[in-house]
Amino acid sequence: MAENHCENPPLTISKIGIIGAGVSGIAAAKQLYHHNPVVFEASDSIGGVWRTCAYNSTKLQSARKDYEFSDFPWPNRDDPSFPTHVEIVDYLESYAKHFDVLKFVKFNSKVMELRFVGQQGTTQLGGNGGAYGSPLPGHPVWQIAVQTNGSQNLQWYAFEFVVVCIGKYGDIPKIPSFPHNKGPEMFQGEVLHSIDYCKLDKDAASQLLKGKKVAVIGYKKSAIDLAVECAEANQGPEGQPCTMVVRTLHWTVPHYSVWGLPFFLFYSTRASQFLHEKPNQSFLRTMLCYLLSPLRRGVSKFIESYLLWKLPLLKYSLKPDHPFEEDYASCQMAIMPENFFTEADKGNIVFKRSSNWWFWKEGIEFDDNTKMKADVVILATGYDGKKKLKTILPDPFRSLIEYHPSGIMPLYRGTIHPLIPNMAFVGYIESVANLHTSELRSMWLARYVDEKFKLPSAENMLEQIYKEMAVSRRITRFYKRHCISTFSINHGDEICEEMGWNSWRKRSWFAEAFSPYGSQDYRLKN
């Protein structure tokens, strides 16, 4: 092991290395195909979180045609049902095989460490446009240590440019902190995180939940799906109700229709995005946003009125205190499974609101001095994506991952960290359709690597990032998620203009104004 950490380890040298073969990694590999990238994937297959962090019941939350690559439509794209995680993995594998991307992937290859061996550390402020010079300098600047098939020996690779695509989800769970002697060690039952639950097969998952008093901590998509699976495993007189412990409520929607109108009309058209603030907007656009703010709030109220009519949120005290638009602006809107409230009506799912809770030997104790007995506690509390990055990045770059106080990773075009040279990050910015977001940024990245355009100076890139952060901070209290949903079309316009493309992608002004934007609009015309 010591030999692998010597100053000059044996190297395999290539131009571009990609870490991760999930949605973003496969998209990046396809766009950088002509550079013969080396893709490191820790597991034995592609698919990322769709394969490793999916429950038996996990489905996509949008229509198929809203989650497809621009040059590879779903074969059944007009099927109105939401595809299962198995269908999505099959789609990703078909895409990778069609474009011959799998030949680049080294499976069971876990990246353990990165070393910067270039001539400079962090990119210095005050540079000229294109602060890093050439993205491919002609010699390696990054070294990557890889553990293959669980071997104790590390193999070293060297690259001119590295693309990090390990994402914000999976691998490292986010575990709540507890007061002294009030953590899981005090509990006599079983405690696991949702990532552990994902590893169970259907029979093992059912056995864990059946006939047990289960508490699910959380109220986002993973927690909601878990509660439904728990309820389905506890049908009949011997079944036990599943308790959802809810700290922060978020708006959920039953489908993408509001009072008979398609949901995209409210947020996903160019006309609708005129209601929302965007970075770099002119004074006139700022005044227009101000004048239209009552209409923007009215749209949010209109959607809320439908959700309160359609779903029994008031009955179960599940109405959030914040407006719907704040959840949409932070990419936290979730699709509610059809049978969720049916199971709640049968008493198979119950709810407990609490700001703070901790363990006691027989279950959970809450800050209102009540207690709940439990056999199993499942923490659907999310993942620590930044910690995952910090485990492989060296100093001084590790300290640059988070911009304080927001905690957001500062990425220009959601891809380039202005202070980390010869490296890109794909899959770290959120929108309504994350596959489309990753593909568009991979297109942009490929053209940057090919020097079809130059980056601004590091200072100008940081200025652009701070403008985006400021917009998010003004429109939602959940701004710590890097989400561009309310200005995604404008964001795409800026990327197109930088690449030298026409930013208006549709065939008529009417379609530009009132039809939704998606991946097909960014397909390259032959």
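Throughout, a residue's number is its position along its own chain's written sequence, starting from 1. It should be noted that, the model being predicted, local features are given only for residues of pLDDT at least 70 and side-chain atom pairs only at 80 or more, the latter also being counted only at that level, while totals for whole chains, interfaces and linings use all residues. No hydrogens and no water enter the side-chain calculation; it runs on all heavy atoms of the structure.

In the nomenclature of an unreviewed UniProt entry, the protein corresponds to Flavin-containing monooxygenase from the organism Gossypium schwendimanii. UniProt positions are given in the numbering used here, feature names are shortened, and annotations may be inferred rather than shown by experiment. What UniProt records for the protein under Cofactor (unreviewed entry) is the sentence "FAD". Checking UniProt for the protein, the heading Sequence similarities (unreviewed entry) contains the comment "Belongs to the FMO family."

A. Quick look at the overall build of the protein. Elements are defined by DSSP. Helices are runs of H or I of four residues or more, strands are runs of E of two residues or more, and each kind is numbered from the N terminus. Along the protein, the regular secondary structure elements total 15 helices and 19 strands. A radius of gyration in this sense is built from C-alpha atoms; the matching globule rule multiplies 2.2 Å by the number of residues raised to 0.38. A compact globule built from 526 residues should have a C-alpha radius of gyration of about 24 Å, and the protein, at 24 Å, falls within 12% of that. Throughout, a residue-residue contact means that at least one pair of heavy atoms, one from each residue, lies within 4.5 Å. Counted over contacts in the protein with a minimum sequence separation of 6, partners at least 24 positions apart contribute 74%. Accessible surface, the protein: about 23400 Å² in total, of which carbon and sulfur atoms supply 52%. Charge separation in the protein, taken as the distance between the mean sites of 59 positive and 55 negative side-chain charges, equals 3 Å. For accessible areas, the Shrake-Rupley method is used with a probe of radius 1.4 Å. Any residue's cover is judged against the shown protein chains and nothing else. We score Asp and Glu as negative and Lys and Arg as positive, and we do not count His or the chain ends. Charged groups are reduced to one reference atom each: NZ for lysine, CZ for arginine, CG for aspartic acid, CD for glutamic acid.

B. Geometry of the confidence of the model for the protein. Per-residue confidence from the predictor is reported as pLDDT, which spans 0 to 100. Confidence along the protein averages 90 in pLDDT terms, with 95% of residues attaining 70 or more. In the predicted structure, residues 1-6 sits below a pLDDT of 50 and forms 11 contacts with residues beyond four places in sequence or in another chain. Here residues 125-131 is a poorly scored stretch, pLDDT under 50, and it has 19 contacts once near neighbours within four places are set aside; other chains count.

C. Representation of helix 1 (residues 23-31) in the model. Most of helix 1 is tucked away: 9 of the 9 residues are buried. Think of it in three bands: residues with accessible area under 20% of the maximum for their type are buried, residues over 50% are exposed, and the middle band is partly exposed, with areas taken using a 1.4 Å probe on protein chains only. Within the sequence span of helix 1, burial applies to Val-23, Ser-24, Gly-25, Ile-26, Ala-27, Ala-28, Ala-29, Lys-30 and Gln-31. Buried positions along helix 1 lie against strand 1 (11-19), strand 2 (38-40), helix 2 (49-52), helix 3 (85-98), strand 6 (154-164) and helix 12 (434-449).

D. Quick peek at the side chain of Ser-45. Locating Ser-45 in the fold gives a position in the loop between strand 2 and helix 2. On the basis of relative accessibility, which here comes to 10%, the residue Ser-45 falls in the buried class. Among the polar contacts listed, one links the side chain of Ser-45 to the side chain of Arg-51, at a separation of 2.6 Å. Every residue in contact with Ser-45, bar those within four places of it in the chain, is listed here: Arg-51 and Phe-107. Distance and chemistry together define a polar contact, namely a pair of N or O atoms within 3.5 Å, with one atom able to donate a hydrogen and the other to accept it when in protein, and with adjacent residues in sequence counting only for side-chain atoms on both sides.

E. Spatial organisation of the environment of Ser-272. Looking at the secondary structure, you find Ser-272 in the loop between helix 7 (264-267) and helix 8 (283-310). Assessed through its relative accessible area of 5%, Ser-272 is described here as buried. In this view, Ser-272 contacts Phe-264, Leu-265, Phe-266 and Tyr-267; residues no more than four positions away in its chain are not counted. For Ser-272, the side chain forms a polar contact with the main-chain nitrogen of Ser-268, separated by 3.5 Å.

F. Main features of helix 6 (residues 221-233). In a helix, the anticipated span is given by 1.5 Å times the number of residues less one. Compared with the 18 Å implied by 1.5 Å per residue over 13 residues, the 19 Å span of helix 6 between its first and last C-alpha is a close match. Extensive coverage of helix 6 is indicated by the burial of 11 of its 13 residues. Every buried residue of helix 6 is accounted for by Lys-221, Ala-223, Ile-224, Asp-225, Leu-226, Ala-227, Val-228, Glu-229, Cys-230, Ala-231 and Ala-233.

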